[in-house]
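Here is what each chain is made of, one letter per residue.
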Amino acid sequence: MKQTLIEKLTRALHSLNYPEVKVLVQPPKNPEFGDLSSNLAMLLAPKLKMPPIQIATSIAAFLRENDEDDFIKAVEAVPPGFLNFTVNKNFYTRHLKTILKQARSYGRSAIGKGKKALVEFVSANPTGPLTVGHGRGAILGDTVCNMLKWNGYSIQREYYFNNAGRQMRMLGISVYERYRELLGEKINFPSDGYQGDYIQEIAEKIHAEYGDSLRESPDSPVFRKTAEASIFSNIENSLARLGLRFDSFFNEQQLYDNKAIFDLLDILRDKGLIYEKEGATWFRATAVGREADKVLIKSTGEPTYRLPDMAYHISKFERGFDLIIDVFGADHVDTFPDILAVVKSLGYPQEKMKVLIHQFVTILKDGEQVKMSTRKANFITLDQLTDEVGADVVRYFFIMRGMSTHLNFDLDLARDQSDENPVFYLQYAHARVCNIIKRAEAAGLQVDAESDLSLLQSDIELKLIQRLLEFPEVILMLHDSMEPQQLANYLQTLATVFHKFYATERVITDQLRLTAARLVLTEATRIVLSNGLEILGITAPARM
RNA sequence: GCCCCGGUAGCUCAGUUGGAUAGAGCAACGGACUUCUAAUCCGUAGGUCACAGGUUCGAAUCCUGUCCGGGGUACCA
């Protein structure tokens, strides 16, 4: 609908010999101003050196005379220079049919057709259960994948992790100490060891299997390996409960094995971006616009996380993706500019890479903020959250806020007020819709796309249709913004309009033709709600 | 110190990329079930869009500065 008008306006500009500008069309907030509105006369004014109202008037006149398909019912030029359009009602009803025809694919765009996207998210090392912080990244990443899929992309979901290095050594030691404790020995638990109960459980498992045979073997790989396997399966399970499944797990180790990190060092050295200082190997980040140089290899000979991280991102480019997306939390904001700098200086098309950063989740429990740390284990796990409020609510809460705002998650509120929860509002709208259709079918009425839709004339009906027709535009918008919460907001307003429609008009009446038309409208609503919920990864119940 | 994110109704947050009279939900108050599901709907009340300048036809939105909150600034990840 919007697109139709944009095309018309563009043609008008051309015919009137006006310069090209970005034509923007929006539904005005105030219904008095019609269905759609454009500000382009005001954008043209400085270029043409003419008063905007005069330009608007001539565009309006042109459109009145050149509207072959009778799309525009009325067009007005209003000071200071807005163009307000009223769209012919039969245009709405005509398009309602296409929703039924396209059904489950209604809303899809082809903008990413034939393109491959790699989305990296979660990427938590297997040192403990996923926290709510990981959860936000997980749901955000997964939803972004769905959004891209609806825009035609083929998607690869990737989880990057490191099961070597200091963190994992500490994990092994922590398990070993708990194991010795089980053997009745006095232990000196490391101050920076992992203190969660899950360490205890892993130690018990090892004790059950190995008895006391590992008493004097602090370096036995059993501790670390058992912990890693146990924690990783726990992580995968937490993710699966929320409907997440990854296509690939990329282990940092392979960048050592295939020498990728050393190759990268050579290339950077050739470019003069590497130097040695105080026994360490440094990246000359200041030469590519960064504030400070960074250590890539410590004086101990061990690489920092930065080096494999860089090599990893180069592998993403080498694997031939058209779009590369990283999702991570605000605590990692400082890592990606270095990566971008490297990617850029090696000549890779950095514009293919997008970084989505989400701010922290703060959990309020019993009115108090829970400060979270994996090591100290005073966190709320993602599993606990899922237990308390369910997968749908978890998913919805994590994407209903913009990723750049700090998310306040009041546990007690989420639990106590679950009846007032916005996700139920959405799902309830869907269930209502389904129930109406079920009722109709029970009465022998089928949804028929060829019904006389011109009978849909009331304000609320037209408003509902208008909303439904916006859905494809929303999908496209998501492609540009990558903000899932825009979809959540759209679905909320759609649900509101439907609930209002439900409260004002009856669908099933003894007027057969009107009933048929309203059934089409109802079915179209079901389609859009169901498609939208699918993108959000939330179930669309037929009854509640 | 420097960098990133935020500051909008009592609370949690939207605000379609600069548009016309700033919007929801919760909390408060008052209405609507003999109806296709009241997990809903209708109404009342609630605002110096942190503050001060600037840009222009027009600013919550853009630029500068200040204040407040969070994060980062490691030879941790």
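Computed from a predicted structure; not experimentally measured.

Asks: An account of the packing of helix α6 (residues 165–182) against helix α7 (residues 197–210) is requested, with residue identities and associated values reported.
Replies: It is at 8 Å that the axes of α6 and α7 come closest, and there the two elements cross at 65 degrees. The handedness of the crossing between α6 and α7 comes out as right-handed. Here L171, S174, V175, R178, Y179, E181 and L182 of α6 come into contact with α7, specifically with I199, Q200, I202, A203, E204, I206 and H207. Residue composition of the contact of α6 with α7, grouped by class: eight nonpolar, three polar and three charged.

Asks: How would you summarise unusual backbone geometry if you had to cite specific residues and measurements?
Replies: Note the cis peptide between P79 and P80, where omega equals 5 degrees. Following the sequence through the fold, P80 ends up in the loop between β3 (72–78) and β4 (82–87). At V122, a position not held by glycine, the phi torsion is positive, near 65 degrees. In this structure, V122 sits in the loop between β5 (116–120) and α5 (132–150).

Asks: Which residues make up the protein's contact with RNA strand B, and what are the values?
Replies: Taken together, 57 residues lie near RNA strand B, and K298, Y305, S404, Y428 and N435 sit nearest. When atoms of RNA strand B within 4 Å of the protein are sorted by moiety, sugar and phosphate together comprise 63%. Within the backbone of E278, an N or O atom sits 3.1 Å from a base nitrogen of RNA strand B. In this structure, a sugar or linking oxygen belonging to RNA strand B sits 3.1 Å away from a main-chain N or O atom of A330. Sorting the residues of the surface near RNA strand B by element identifies β4, α6, β15 (407–410), α16 (422–442), α17 (459–481) and α18 (484–504) as the ones contributing at least two each. Among the elements that take part in the surface near RNA strand B, α16 stands out by supplying seven residues, more than any other. Tallied by class, the residues present in the surface near RNA strand B amount to 18 nonpolar, 22 polar and 17 charged.

Asks: I'd like to hear about the pattern of salt bridges, residue by residue, with values.
Replies: Using the criterion set out here, one finds 32 salt bridges in the structure. Put simply, D192 and R166 hold a salt bridge, and the shortest N to O gap is 3.9 Å. Of this pair, D192 sits in the loop between α6 and α7 while R166 sits in helix α6; the two residues are 26 residues apart in sequence, bridging distant segments of the chain. We note a salt bridge from R178 to E181, for which the minimum N-O separation is 3.4 Å. Of this pair, R178 and E181 both sit in helix α6, three residues apart, which is roughly one turn of that helix. Owing to a relative accessible area of 15%, R178 belongs among the buried residues under this scheme.

Asks: Give a detailed account of the pairing of β15, specifying residues and quantitative values.
Replies: Judged by which residues are buried, β15 turns out to be one-sided: L407 and F409 face inward and are buried, whereas N408 and D410, on the alternate face, are not. In terms of strand pairing, strand β13 (residues 361–365) meets β15 through four bridges, oriented parallel. Each bridged residue has a counterpart across the sheet, and for I363 the counterpart in β15 is F409.

Asks: Provide a residue-level description of the sheet that holds strand β10 (residues 294–297), including the pertinent values.
Replies: Strand order across the open sheet formed by three strands is β8-β9-β10, with antiparallel pairing between neighbours. Here the strands that pair on one side only, and so sit at the sheet edges, are β8 (274–277) and β10. Averaged over all neighbouring strand pairs, the angle between strand axes comes to 45 degrees, with direction disregarded. Pairing of strand β9 (residues 280–283) with β10, which is carried by three bridges, proceeds in the antiparallel orientation. The residue of β10 that forms the bridge with W282 is V295. Those strands touched by helix α11 (residues 306–318) are β9 and β10, and its axis lies near 85 degrees from that of β10.

Asks: Before we move on, could you go through the environment of D247 and cite the residues and values that matter?
Replies: Inspection of the secondary structure assignment puts D247 in the loop between α8 (221–241) and β7 (248–251). Sequence separation of D247 and R136 is 111 residues, and the distance between their C-alpha atoms is 19 Å. In this view, D247 contacts I155, Q156 and R157; residues no more than four positions away in its chain are not counted. A polar atom in the side chain of D247 sits 2.7 Å from the backbone nitrogen of R157.

Reading the values: rules and limits
Residues numbered from 1 in each chain as written. Chains lettered and ligands numbered in written order. Predicted model: local features only at pLDDT ≥ 70, side-chain atom pairs only at ≥ 80, totals over all residues. Heavy atoms only, no water. Axes fitted to C-alpha atoms, helices over the stretch in contact; angles between N-to-C directions. Helix = DSSP H or I, 4+ residues; strand = E, 2+ residues; numbered from the N terminus. Left-handed = near helix turned anticlockwise from the far one by under 90°. Contact = heavy atoms within 4.5 Å. Nonpolar A, V, L, I, M, F, W, Y, C, P; charged D, E, K, R; others polar. Near = heavy atom within 4 Å. Polar contact = N/O pair within 3.5 Å; in protein donor to acceptor, adjacent residues only side chain to side chain. Salt bridge = Lys/Arg side-chain N within 4 Å of Asp/Glu carboxyl O. Buried < 20%, exposed > 50% of the residue type's maximum accessible area, 1.4 Å probe, protein only. Pairing = 2+ DSSP bridges.

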